[in-house]
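As a plain string of letters, each chain reads:
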Amino acid sequence: MVDKGNCSKEFFYQCLVRDVIKKRLADRDKAFEFMGRWEIRHPDSKLREDVKYQWSKGNRGKEGEWYD
């Protein structure tokens, strides 16, 4: 169950990862373009790594879905 009151950086980051996964389901190329733009602005980000890891574990962007 997702805590709707959770406003932590971790929560927002997990939402970002799930959003990229949803983008990938809809249009793989657009998702990769988004990650490329993200990496330009956030060169130390692990977004691509985390998206790949979550995808490999079966995360498909459902609300609250996260694998450690």
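Before reading further, recall that the structure is shown in the block above.
Residues numbered from 1 in each chain as written. Predicted model: local features only at pLDDT ≥ 70, side-chain atom pairs only at ≥ 80, totals over all residues. Heavy atoms only, no water.

Asks: Explanation requested: the packing of helix 1 (residues 9-26) against helix 2 (residues 28-41) in the structure shown.
Replies: Packed helices, taken two at a time, are described by the angle their axes make and the gap between the axes. At their nearest, the axes of helix 1 and helix 2 sit 5 Å apart, and the two run at 145 degrees to each other. Contacts from L16, V20, K23, R24 and A26 in helix 1 reach R28, A31, F32, F34, M35 and W38 in helix 2. Partitioning the contact of helix 1 with helix 2 into residue classes produces eight nonpolar, no polar and three charged. (Axes fitted to C-alpha atoms, helices over the stretch in contact; angles between N-to-C directions. Helix = DSSP H or I, 4+ residues; strand = E, 2+ residues; numbered from the N terminus. Contact = heavy atoms within 4.5 Å. Nonpolar A, V, L, I, M, F, W, Y, C, P; charged D, E, K, R; others polar.)

Asks: What's the story with the packing of aromatic side chains in this structure? I'm lost.
Replies: Any aromatic ring pair is given by two values, namely how distant the centres are and how the planes are angled relative to each other. Applying the stated criterion across every chain, the model contains two aromatic pairs. The interplanar angle of 65 degrees and the centroid separation of 5.9 Å between the aromatic rings of F11 and F12 together place this pair among those described as edge-to-face. Overall, F11 belongs to the buried group, its relative accessible area being 17%. Directly above the aromatic system of F34 lies the positively charged group of K23, at a separation of 5.5 Å from the ring centroid. For the cation-ring pair, R24 lies above W55, with the distance from its terminal atom to the ring centre recorded as 4.0 Å. (Phe/Tyr/Trp six-rings, centres within 6.5 Å; stacked < 30°, edge-to-face > 60°. Buried < 20%, exposed > 50% of the residue type's maximum accessible area, 1.4 Å probe, protein only. Lys NZ or Arg CZ within 6 Å of the ring centre and 35° of its normal.)

Asks: When you look at the nonpolar core in this model, what are you seeing that I'm missing?
Replies: Nonpolar side chains in soluble globular proteins tend to be buried together. L16, V17, V20, I21, A31, F34, M35, W38, L47 and V51 together form the largest nonpolar core, which totals ten residues. When contributions to this core are tallied by element, the ones reaching two or more residues are helix 1, helix 2 and helix 3 (47-56). (Core = buried A, V, L, I, M, F, W, Y, C linked by side-chain atoms within 4.5 Å.)

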